[in-house]
Amino acid sequence: GKGNNGGDGFAAARLLDGHCGSVCAAFFDDPAHLKGDAAKNYALMSGLGIEVVRNMETFAARLAECDVVVDALYGFGFHGELAGRDRQIAEQINASGKYVVAVDMPSGVGADTGVCEYAVRAGKTVTFTGYKPAQLLFPAASCCGETVVADIGIPRQVSGKSGVGETITRGFVRDVLPLRARNAHKGSCGKVLVVGGSRGMGGAVCMSARAALRSGAGLVTVGVPRCLNDIVQQRISEAMTLPLPEDESGRLSEAAAPELIQFAQGYDTVVFGPGIGRSGAIVTLLREILKLNKRVVIDADGLYALAQDVGMLQEKKAEVVITPHHAEMARLI
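The following paragraphs examine the structure supplied in this document. If you're wondering where the values come from, they're calculated on a predicted model, not measured in any experiment.

What follows deals with the environment of glycine 275. Relative to the helices and strands, glycine 275 is located in the loop between strand E10 (269-272) and helix H11 (280-289). Sequence-distant contacts of glycine 275, that is, excluding residues within four places in its chain, are made with Gly197, Ser198, Met201, Ala204 and Ala300.

See below:
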């Protein structure tokens, strides 16, 4: 490419020269149109005698011979979609089956969204300073392969101002989780009540309870319809169970509300919805749960219940986290 990303490609070519069997660069535009660092690196590369491919026929031949492709056609500033010759280049790279390392972004991917019409499919993307949204959002993320963040010396006080989110890394988790006292016990490390399950859907509530335990909750209780109680007790030995009234279909009934609400008073966090099924009673139970001054995580069919009356959020006392996939989010909005 003839922009800064192309300049990075020329720099990569000259730095790789001498470290592998051979290096060539494909550049189809007029070198006279290059500016700044791109022009400087093109001149340095040319001075080393590195072959510059200037036409599509030679490009196809060199592509067939090579082991690795460095994609430096477009980078961070790309918008729109690949067209014409650039689309043809990307198609040939993808069809070649060669390992591709993309410079900052795979060509054809806009950095700000996960939307891409067509793009180079990279095995690895070396991005600068921080992740770009498109490297974490699909379908664009599938074109990035493994994304490696490289520090290029931009001060944190500058790069930090452009952040639009935070990724969950080991460091993030380490900072968020509190240190336990040496004399900590199950009653001092948080209590989680997981409410869910229905006949035929007992797996999700068990996985949610295990996740709560593994995350560090000191005490976990699983509230399920009575028909699931023995099953859950056998599958999770570390959690307690709360068998609740059910309807004829094996889902929680409205009769479960008084006991459930009273029991939840002694807990810090309520997880509502995994495998819970769909009925009017589930909507009623969620509405009552949201009146509690607790943390409430709404998941799975709990989100379906919420979508039946999103207005219940306006009356809530709870601190709410929702965990929708794209279809559940579409239903909510």
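There is more to say, and it comes next.
It is worth spelling out the pattern of salt bridges at this point. Using the criterion set out here, one finds 11 salt bridges in the structure. Close ionic contact of lysine 132 with aspartate 104 constitutes a salt bridge, the shortest N to O distance being 3.3 Å. Of the two residues, lysine 132 is situated in the loop between strand E5 (124-128) and helix H5 (141-144) and aspartate 104 in the loop between strand E4 (99-103) and E5; the sequence distance between them amounts to 28 residues. The burial state of lysine 132 is the same as that of aspartate 104; both residues are buried. In this structure, the salt-bridge partner of arginine 287 is aspartate 309, at a minimum N-O distance of 2.9 Å. Of the two residues, arginine 287 sits in helix H11 while aspartate 309 sits in the loop between helix H12 (301-308) and strand E12 (319-322), which places them 22 residues apart along the sequence.

Residues Leu16, Val68, Val70 and Tyr99 make up a contiguous nonpolar surface patch of roughly 330 Å² in combined accessible area. Mapped onto the secondary structure, valine 68 falls in strand E3 (residues 68-71).

Note on placement: asparagine 41 falls in helix H2 (residues 36-47). The exposure class assigned to asparagine 41 is buried, which follows from its relative accessible area of 13%. Among the polar contacts made by the side chain of asparagine 41, one reaches the side chain of arginine 14 at a distance of 3.0 Å. When residues no more than four places from it in sequence are discounted, the contact partners of asparagine 41 are Gly7, Phe10, Ala11 and Arg14.

Moving on, we get to the sheet that holds strand E6 (residues 146-150). Judged by pairing direction, the sheet is parallel, and its 4 strands sit side by side in the order E3-E4-E5-E6 without closing on themselves. Strand pairing shows two members of the sheet lacking a second neighbour, E3 and E6, which therefore form its edges. If you compare each strand with its neighbour and ignore which way they point, the axes differ by 20° on average. Of the strand pairs in this sheet, E4 and E5 are connected by 3 bridges, and their pairing is parallel. Across the sheet, valine 103 pairs through a bridge with valine 126, a residue of E5.

On inspection of all chains with the given rule, the structure shows 0 disulfides. A disulfide-free cysteine, cysteine 66 has its sulfur positioned 7.3 Å from the sulfur of cysteine 24, the nearest such atom. Note on cysteine 227: no disulfide assigned, nearest cysteine sulfur contributed by cysteine 206 at a separation of 12 Å. The class for cysteine 227 is partly exposed, based on a relative accessible area of 30%.

A separate point is the side chain of threonine 147. With respect to the element layout, threonine 147 can be found in strand E6. Classification of threonine 147 by relative accessible area gives buried; the value is 16%. Each residue touching threonine 147, except ones within four places of it in the same chain, is listed here: Thr125, Thr127, Tyr131 and Gln135.

Procedures and definitions
Residues numbered from 1 in each chain as written. Predicted model: local features only at pLDDT ≥ 70, side-chain atom pairs only at ≥ 80, totals over all residues. Heavy atoms only, no water. Helix = DSSP H or I, 4+ residues; strand = E, 2+ residues; numbered from the N terminus. Contact = heavy atoms within 4.5 Å. Salt bridge = Lys/Arg side-chain N within 4 Å of Asp/Glu carboxyl O. Buried < 20%, exposed > 50% of the residue type's maximum accessible area, 1.4 Å probe, protein only. Patch = residues over 30% accessible without salt bridge, like charges linked within 9 Å, V, L, I, M, F, W, Y side chains within 5 Å. Areas by Shrake-Rupley, 256 points an atom, 1.4 Å probe, with all protein chains shown as cover. Polar contact = N/O pair within 3.5 Å; in protein donor to acceptor, adjacent residues only side chain to side chain. Pairing = 2+ DSSP bridges. Axes fitted to C-alpha atoms, helices over the stretch in contact; angles between N-to-C directions. Disulfide = S-S within 2.5 Å.

Geometric descriptors of this kind do not, in isolation, establish any biological role.
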